[in-house]
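Letter by letter, the chains look like this.
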Amino acid sequence: MVVKVDEETCIGCGVCESICPEVFQMGDDGKAKVLKPEGADCAQEAADACPTGSITVE
Ligand code: SF4
């Protein structure tokens, strides 16, 4: 599993971090960062919840 965040479309809402802090952390630039690309099951849940569809899980 590979998790990516599109920083062009991320609005920095923090939803992904609150759902799946093992994988996502908000960066100093206000965009979500992927800590562990080979992430946890919650990464898909976060992708489904992202309001801008900025998270891809492949
Ligand atoms: S849920 Fe989506 S828009 Fe919100 S911080 Fe995470 S990647 Fe960005």
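Whatever comes next refers back to the structure up there.
The structure displayed is predicted, hence computed values, not measured ones. (Residues numbered from 1 in each chain as written. Predicted model: local features only at pLDDT ≥ 70, side-chain atom pairs only at ≥ 80, totals over all residues. Heavy atoms only, no water.)

*Asks:* It is not clear to me how the overall build of the protein should be interpreted in this structure. Could you clarify?
*Replies:* Secondary structure assignment for the protein yields two helices and four strands. Tracing the protein from N to C terminus, the helices and strands come up as β-α-β-β-α-β. By principal-axis analysis of the C-alpha atoms, the protein measures approximately 25 × 20 × 15 Å. Across the 58 residues in the protein, those meeting the buried criterion constitute 33%. Across the protein, every contact between residues at least 6 apart in sequence was considered, and the portion connecting residues at least 24 apart equals 50%. For the protein, the computed accessible surface area is about 3400 Å², with 48% contributed by carbon and sulfur atoms. (Helix = DSSP H or I, 4+ residues; strand = E, 2+ residues; numbered from the N terminus. Buried < 20%, exposed > 50% of the residue type's maximum accessible area, 1.4 Å probe, protein only. Contact = heavy atoms within 4.5 Å. Areas by Shrake-Rupley, 256 points an atom, 1.4 Å probe, with all protein chains shown as cover.)

*Asks:* Any chance you could explain the site of the ligand here in plain terms?
*Replies:* Near the ligand there are 13 residues, and of these C10, C13, G14, C16 and C50 occur at the shortest range. The residue inventory of the shell around the ligand, partitioned by class, reads 10 nonpolar, three polar and no charged. (Near = heavy atom within 4 Å. Nonpolar A, V, L, I, M, F, W, Y, C, P; charged D, E, K, R; others polar.)

*Asks:* How should I be thinking about the pattern of salt bridges in this particular structure?
*Replies:* Tallying each qualifying case throughout the model produces three salt bridges. Two residues, E58 and K4, come together in a salt bridge whose shortest N-O distance is 4.0 Å. Of this pair, E58 sits in the segment after β4 (55-57) while K4 sits in strand β1 (residues 3-5), and the two are 54 residues apart along the sequence. With a closest N to O distance of 2.8 Å, K33 and D29 form a salt bridge. According to the relative accessible area criterion, K33 is partly exposed, its value standing at 25%. In this structure, a network of salt bridges that share partners links the residues E7, D29 and K33. (Salt bridge = Lys/Arg side-chain N within 4 Å of Asp/Glu carboxyl O.)

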